[in-house]
Amino acid sequence: AALADFPRLYLDLPGHGASATTCVDSFSGMDALLRSTLSRYNILSYWLVGYSLGGRIAMFHACQQPEGLKGIIVEGGHPGLQDAGERSARLVSDRRWARRFRTEALDVVFTDWYRQPVFASLTDVQRQALIRQRSQNNGATLAMMLEATSLAVQPDLRPGLSACNVAFDYLYGERDEKFKALAAELHAVRHAIPHAGHNAHRENPAAVAASLAQILRLRIKDSL
């Protein structure tokens, strides 16, 4: 509602929501699906806004330098692992989660998922709301999406992002030390969201909405 001045299209990623039965097998496959969706809606000039995995997909897309992309706004998205040991450990971890998504009740899996340290700043109410929402998804296709877009297989996007000629804004919760440090490595305009950790749009939605609106209005003004 805070972005009512801007035409918007909300996308459910594969395995999620209305895309619960949709599958991809790689970042390239996800990028092709995104391009197909934009074409189907005849969207020729656009910004991408994404959180976490959505932000990683937006950054990957930007690195392909597609025609029509004007900018990306990323909340808490990882630009990529640079250490081979970290990649190996992440692959083991994500495969373990994928196996659980395929074989266990989603409410049980997501209860454990949202106990990970990165979500420590969520309140119990916020955590339970996320578990209820995410448990409506498709476990099998969620597992496929997790494996297809794992940080273990994502390229390091830092060089590509540095070469991009589109606007790049990065949001992070002021209490999210890990992603605050990652943001400092990027050639992006950085925005700290007050009173929030990693899931800033859940923890302080008004501040995130206000930041998005300010960024878009400023960028549009600059382009006139």
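Structure shown above.
Predicted model, so just to flag it, every value in this text is computed and none were measured. (Residues numbered from 1 in each chain as written. Predicted model: local features only at pLDDT ≥ 70, side-chain atom pairs only at ≥ 80, totals over all residues. Heavy atoms only, no water.)

Caption draft 1: Fine view of the pairing of strand S1 (residues 46–51). Judged by which residues are buried, S1 turns out to be one-sided: Tyr-46, Leu-48 and Gly-50 face inward and are buried, whereas Trp-47, Val-49 and Tyr-51, on the alternate face, are not. For the crossover that starts at S1, traverses helix H2 (residues 53–63) and ends in the parallel strand S2 (residues 69–75), the hand is right-handed. (Buried < 20%, exposed > 50% of the residue type's maximum accessible area, 1.4 Å probe, protein only. Helix = DSSP H or I, 4+ residues; strand = E, 2+ residues; numbered from the N terminus. Right-handed = clockwise from strand over helix to strand, strands pointing away.)

Caption draft 2: Spatial organisation of the environment of Pro-159. Mapped onto the elements of the fold, Pro-159 is located in helix H7 (residues 158–163). Taking the C-alpha atoms as reference points, Pro-159 and Gly-15, separated by 144 residues in sequence, lie 29 Å from one another.

Caption draft 3: The arrangement of a nonpolar patch on the surface in detail. On the surface, a cluster of nonpolar side chains totalling about 280 Å² of accessible area is made up of Leu-9, Leu-11 and Tyr-41. By the secondary structure assignment, Leu-11 is in the segment before helix H1 (27–40). For Leu-11, a relative accessible area of 42% gives the class partly exposed. (Patch = residues over 30% accessible without salt bridge, like charges linked within 9 Å, V, L, I, M, F, W, Y side chains within 5 Å. Areas by Shrake-Rupley, 256 points an atom, 1.4 Å probe, with all protein chains shown as cover. Salt bridge = Lys/Arg side-chain N within 4 Å of Asp/Glu carboxyl O.)

Caption draft 4: Inspection of the pattern of salt bridges at higher detail. Scanning the model with the defined rule gives 12 salt bridges in all. Its salt-bridge partner being Asp-124, residue Arg-127 comes within 3.3 Å of it at the nearest N-O pair. Remark: Asp-124 and Arg-127 occur in helix H5 (residues 124–134); sequence separation between them is three residues, near one turn of the helix. For Asp-124, a relative accessible area of 59% corresponds to the exposed category. A salt bridge links Asp-169 to Arg-219; the shortest N-O distance between them is 2.8 Å. Here Arg-219 lies in helix H10 (residues 205–223) and Asp-169 lies in strand S3 (residues 167–173), a separation of 50 residues in the sequence. Residue classification places Arg-219 among the partly exposed residues on the basis of a relative accessible area of 22%. One network of salt bridges, in which partners are shared, links Arg-100, Glu-104, Asp-112 and Arg-115.

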